[in-house]
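# Coordinates in review
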Amino acid sequence: MLEFIKSQLYLLHFWRSPDFWRLSPKTIWQIAKITRHERVLKFRGKIYSNSYLPACPSEASDRMLRLFKKMEQGIYDPQALIISATNQCPGNCFYCYNKKNKAEENLSLEKIKEVISFFQAKGIFGIFIVGGEPLLRPDLEEIVREGAKHCAVHLDTNGYGLTLERAEKLKEAGLESLQVSLDHYDEKVVDGTVGFSGAFKTAVQAIKIGKEAGLYVCSVMVMTKKMLYSWPEMVKYLDFIKSLGANEVMVYEPKPSGNLYNAGEDILFSDKDREELCRLHIKINKDRRFSGLRFFSLNYFESAKLFGCNAGLTQFYLGTGGEMTPCPLAPLFLGNVKEERLEDIYARFKKVFKQPMKVCTSIFCAKEVSRAYAGQLPILKDEAGKILSKLDFSELPDIYKEIKK
């Protein structure tokens, strides 16, 4: 009950924004429903519901409210840009979506800034920097600085090469949160999963450094079925992460992409498994023993009962080589920023993606992408167009249905 009350008080912090009062009562009610199963945290003067929704008060949260207002009219403007800073990485995670991407040369800083500026003008509130290992890019701080002009910027990393000095520079540049890959509490398991000796110690140290630098820090786990159905194991993991001082645990299911295109049901989740992960999201955020540590499952957030999948509609992925796809897990080519005008590429996205989908684009397209794979990702334009033409836009996820009523 205490966590529920705190989650609803989260809404009070929006009241100072004029954009909040422009929303209809039904939209405000839907935001309340979204946050009712979240553990709301206060960190350095801001209120966090989860690391996808921006902390408030902030310009990013005001931007989010303006996008909610547009949703009332069925307008789905861009919310987030995911940027692959580099394909270089010391690891080889068994679930990696990026290992089959062959681009070797990093996109120039100038071109990345151009793309950020373009999508900021469209209204995005979030920028997520991924890889590879983005810390291997020497001008990372400049990418963060550009993104932080109007958005909340998040960095996804295994911690390789992170020092306190680097973390402080990233914080000074405007980095909001550090999302550190740490799938287990056991050192041998983590080293084996990531693919290099010392991966566990590197991640643990990165979490501690991030906290010392004053960043909001998340531990990121790709959930296995063994962990999903073992509550004692889950408790051990959560207790361990809490002992490190992290603010949040972010959880993803293993998706049929990259290294897992041909994975079997022993690894990939069924609908039943996804439902169980959503239940876990609610259960952990209500459990007082984990007070101060919030649990965020993307499956819960992107379930058909909430937002569904917005890949290619409100969320966009910029690959290391300049290619643009709906998301990192759906490598379907829709243009390259080095070869075409951004406005033309964006118009192509708008033509393909009509509205939010109730099912994940990457899962929906996985078998077709696997069949079309010929040694290089993303799947090229003609074949990608055939796959994307089969997407199912027949029904809206529940949140959008309610907001449009």
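For the structure, see preceding data.
Every value quoted in this text rests on a predicted model; they were computed, and no experiment measured them.

Thresholds, definitions, all that
- Residues numbered from 1 in each chain as written.
- Predicted model: local features only at pLDDT ≥ 70, side-chain atom pairs only at ≥ 80, totals over all residues.
- Heavy atoms only, no water.
- Core = buried A, V, L, I, M, F, W, Y, C linked by side-chain atoms within 4.5 Å.
- Buried < 20%, exposed > 50% of the residue type's maximum accessible area, 1.4 Å probe, protein only.
- Contact = heavy atoms within 4.5 Å.
- Helix = DSSP H or I, 4+ residues; strand = E, 2+ residues; numbered from the N terminus.
- Pairing = 2+ DSSP bridges.
- Right-handed = clockwise from strand over helix to strand, strands pointing away.
- Axes fitted to C-alpha atoms, helices over the stretch in contact; angles between N-to-C directions.
- Parallel < 35°, antiparallel > 145°, perpendicular 65-115°, else oblique.
- Nonpolar A, V, L, I, M, F, W, Y, C, P; charged D, E, K, R; others polar.
- Expected span 1.5 Å × (residues − 1).
- Arc of directions from axis to C-beta.
- Phe/Tyr/Trp six-rings, centres within 6.5 Å; stacked < 30°, edge-to-face > 60°.

### Brief notes about the nonpolar core
Counting 134 residues, the largest nonpolar core has L81, F119, L182, M223, M234 and M324 as the members making the most contacts within it. Not counting the four nearest positions on each side in its chain, L81 is found in contact with V115, I116, F119, I124, G126, I127, F128, F316, L318 and M324.

### A look at the pairing of strand β4 (residues 126-130)
Summarising burial for β4: 5 of the 5 residues are buried, a large majority. Along β4, one buried face is formed by G126, F128 and V130 and the opposite face, lined by I127 and I129, is buried too. For strand β3 (residues 80-84) and β4, the ladder comprises 5 bridges, and the chain directions are parallel. Looking across to β4, one finds that I83 is bridged to I129. With respect to chirality, the unit in which β3 leads through helix α5 (residues 109-121) into the neighbouring parallel β4 is right-handed. Looking at chain direction, β4 and strand β5 (residues 152-157) are connected through 4 bridges and run parallel. The partner of I129 across the bridge, within β5, is L155.

### Considering the packing of helix α8 (residues 187-194) against helix α9 (residues 199-212)
The contact between α8 and α9 brings their axes to 7 Å, and the two run at 100 degrees. Taken together, the axes of α8 and α9 lie roughly perpendicular to each other. Here α8 contributes E187, V190, D191 and V194 to the contact with α9, which in turn contributes A199, F200 and K201. A per-class count over the contact of α8 with α9 returns 4 nonpolar, no polar and 3 charged.

### Observations concerning the sheet that holds strand β10 (residues 315-318)
Strand pairing within a sheet occurs via backbone hydrogen bonds; the two strands may be parallel or antiparallel. Within the open sheet, the 9 strands sit side by side as β9-β8-β7-β6-β5-β4-β3-β10-β11. Their pairing is mixed. Edge positions in the sheet fall to β9 (294-297) and β11 (324-325), since each of these pairs with one other strand and no more. Where α9 meets the sheet, its contacts fall on β6 (175-181) and β7 (216-222), and the angle it forms with β6 comes to roughly 165 degrees.

### Comments concerning helix α15 (residues 361-372)
With 12 residues, α15 extends 16 Å from end C-alpha to end C-alpha; this agrees with the ideal 16 Å at 1.5 Å per step. Taken as a whole, α15 has its buried residues at T361, S362, C365, A366 and V369. Down the axis of α15, the buried side of the element spans an arc of 155 degrees, and every buried residue falls inside it. Exposed residues lying more than 90 degrees from the buried face of α15 are K367 and R371.

### A word on unusual backbone geometry
In this structure, P57 follows C56 across a cis peptide bond, with omega equal to 5 degrees. Topologically, P57 is positioned in the loop between β2 (46-48) and α4 (59-71). With an omega dihedral of 10 degrees, the bond running from G131 to G132 counts as a cis peptide bond. Assignment of secondary structure puts G132 in the loop between β4 and α6 (140-147). Positive phi, normally seen in glycine, also occurs at R44, with a value near 50 degrees.

### Some thoughts on the packing of aromatic side chains
A full pass over the atoms with the stated rule returns 24 aromatic pairs. Ring geometry for F43 and Y216: centres 5.8 Å apart, planes at 75 degrees, overall edge-to-face. With F43 in strand β1 (residues 41-43) and Y216 in strand β7, this pair connects stretches of sequence that are 173 residues apart. The two residues F43 and Y216 agree in class, both being buried. Taking the centre distance of 5.9 Å and the plane angle of 85 degrees together, the rings of Y160 and F196 count as edge-to-face. Highlighted residues: Y160 in the loop between β5 and α7 (164-173) and F196 in the loop between α8 and α9, separated in sequence by 36 residues. Look at F196 and you get buried, because its relative accessible area is 15%. Grouping aromatic residues by their ring pairs yields a cluster made of Y52, F68, Y76, F125, F128, F296, F301, F307 and Y400.

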